[in-house]
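Structural characterization, general
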Amino acid sequence: MLLILSENWTLADGRDLPELVRWAREAEDAGFDSVMLSEHVVLGPDAGALGVMANPRAYAAPGNQDPATPWPSSLLLLSAIASATSRIRLVASAVLAPLRHPLLLARELGTLDLLSEGRLVVQPGVSWSRDEYAALGVPFGRRGRILDEQLEILDLLWRETPASFHGEFFDFTDVYLEPKAFRPEGPRLWFGGQHVHGAVLDRLVRHGHGFHPFGTPTPEDLAMLRAGLREAGRDPDEIEMVGGTRATFRDDDSVADLGAAMAPIAEQVEQGFTTFCVKPSQFIDSAEELPAFLRDVMCRAENL
């Protein structure tokens, strides 16, 4: 099981980041496999362009959140969690790679991977906020091409010293990036999206170790993923499949029922999913309930 630490602001103060570190330690003690943090650098008015979510426990999605929602640096916070834990994996989800230079990104990821002794998992993405890209001076319409070039650079930097690259967006000659990541191939990489379209499939096939879809993938999506991996000479069983709970709220002020939310996991297991995300604020309204909640989740998972 994977504990989502982002977006839990009905449970924790957005400035009390040591509280999230304690949650990660409690998740490790309860038997969780992973914790996850997502990121934004800044948000603008388009964050809430579709109207702010009615129940603040729901997932943040494009256009449904208050622009003032707290988004602390996921990589810095995961560094603190790495120092406070010894086993649990650290998932840096939705790392907005195009908003960083790839040399800086490689430095940050490699250092965190070493600090955690190989426990880092990274899900690079392009995200959705035009306002965020505009604020950082990065062309929104070219973000996918930027990411693809960055992935090539990361693969190069993990393996070669010195490294040179001459591309559309980035150009450097004979750079030395040391120390490198924990593994010769770098941190484990997940990719996701609403559908297994061309770009997502290509990134999974070329660079991916895991598939973390946004929402529920269709059977056609899963078949396309397996076929693409086989065509590239890769074993589809080597890709970690990441699913999760499906919380339903009876009204805008209530938490969801954990048993009902975990019920779809059985079907996901049959589809080949092995890792399952759960966001605690969807099911409890007090941080004091967290240790018991974590034990309850693990007990239910073992009995699925």
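In this report, we go over the structure that sits alongside the text. It should be emphasised that the depicted structure is a prediction, and the values quoted were computed from it without experimental measurement. (Residues numbered from 1 in each chain as written. Predicted model: local features only at pLDDT ≥ 70, side-chain atom pairs only at ≥ 80, totals over all residues. Heavy atoms only, no water.)

Below, the discussion takes up the packing of aromatic side chains. Taken as a whole, this structure holds three aromatic pairs when the rule is applied. Summarising the aromatic geometry, the rings of F283 and F293 are spaced 5.9 Å apart at their centres and angled 20 degrees between planes, so their arrangement reads as stacked. Pair noted here: F283 is in the loop between β10 (275–278) and α10 (290–302) and F293 is in helix α10, with a separation of 10 residues, a long-range link. What makes F283 buried here is its relative accessible area of 8%. Classification of F293 by relative accessible area gives buried; the value is 5%. Over the aromatic face of F140 sits the side chain of R143, whose NZ or CZ is 3.7 Å from the ring centroid. (Phe/Tyr/Trp six-rings, centres within 6.5 Å; stacked < 30°, edge-to-face > 60°. Helix = DSSP H or I, 4+ residues; strand = E, 2+ residues; numbered from the N terminus. Buried < 20%, exposed > 50% of the residue type's maximum accessible area, 1.4 Å probe, protein only. Lys NZ or Arg CZ within 6 Å of the ring centre and 35° of its normal.)

The pairing of strand β5 (residues 163–166) with strand β6 (residues 171–175) spans three bridges and is classified as antiparallel. When the sheet's bridge partners are listed, A163 is paired in β6 with V175. Between the end of β5 and the start of β6, which pair antiparallel, lie four residues. (Pairing = 2+ DSSP bridges.)

A cis amide bond, omega -5 degrees, links T161 with the succeeding residue P162. Examined against the element boundaries, P162 turns out to sit in the loop between α5 (143–159) and β5. The linkage connecting E178 with the following residue, P179, adopts the cis geometry, with an omega of -5 degrees. Along the chain, the position of P179 falls in the loop between β6 and β7 (188–191). Although it is not a glycine, S127 adopts a positive phi angle of roughly 65 degrees.

The next point concerns a nonpolar patch on the surface. Residues V41, V42 and L136 make up a contiguous nonpolar surface patch of about 210 Å² in total accessible area. Mapping V42 onto the fold places it in the loop between β2 (34–37) and α2 (74–84). (Patch = residues over 30% accessible without salt bridge, like charges linked within 9 Å, V, L, I, M, F, W, Y side chains within 5 Å. Areas by Shrake-Rupley, 256 points an atom, 1.4 Å probe, with all protein chains shown as cover. Salt bridge = Lys/Arg side-chain N within 4 Å of Asp/Glu carboxyl O.)

Quick look at α10 now. Relative to the 18 Å expected for 13 residues at 1.5 Å per residue, α10 spans 18 Å between its end C-alpha atoms, a close match to the ideal helical length. Of the positions making up α10, those classed as buried are L290, F293, L294, V297 and M298. Within α10, the buried residues cover an arc of 135 degrees as seen down the axis, which keeps them to one side. Facing away from the buried surface of α10 by more than 90 degrees, the exposed residues are R295 and E302. Residues of α10 that are buried sit in contact with β1 (2–4), α1 (17–30), α8 (258–262) and β10. (Expected span 1.5 Å × (residues − 1). Arc of directions from axis to C-beta. Contact = heavy atoms within 4.5 Å.)

Overall, the coordinates contain 17 salt bridges when judged by the stated rule. In this structure, D155 and R159 form a salt bridge, with 3.0 Å as the shortest nitrogen-oxygen distance. Of this pair, D155 and R159 are both found in helix α5, four residues apart, which corresponds to roughly one turn of the helix. Using a relative accessible area of 31% as the deciding quantity, one classes D155 as partly exposed. Residue classification places R159 among the exposed residues on the basis of a relative accessible area of 53%. Linked through salt bridges whose partners overlap, the residues forming this network are D16, E19 and R22.

None of the figures reported here should be taken as evidence of function without further support.
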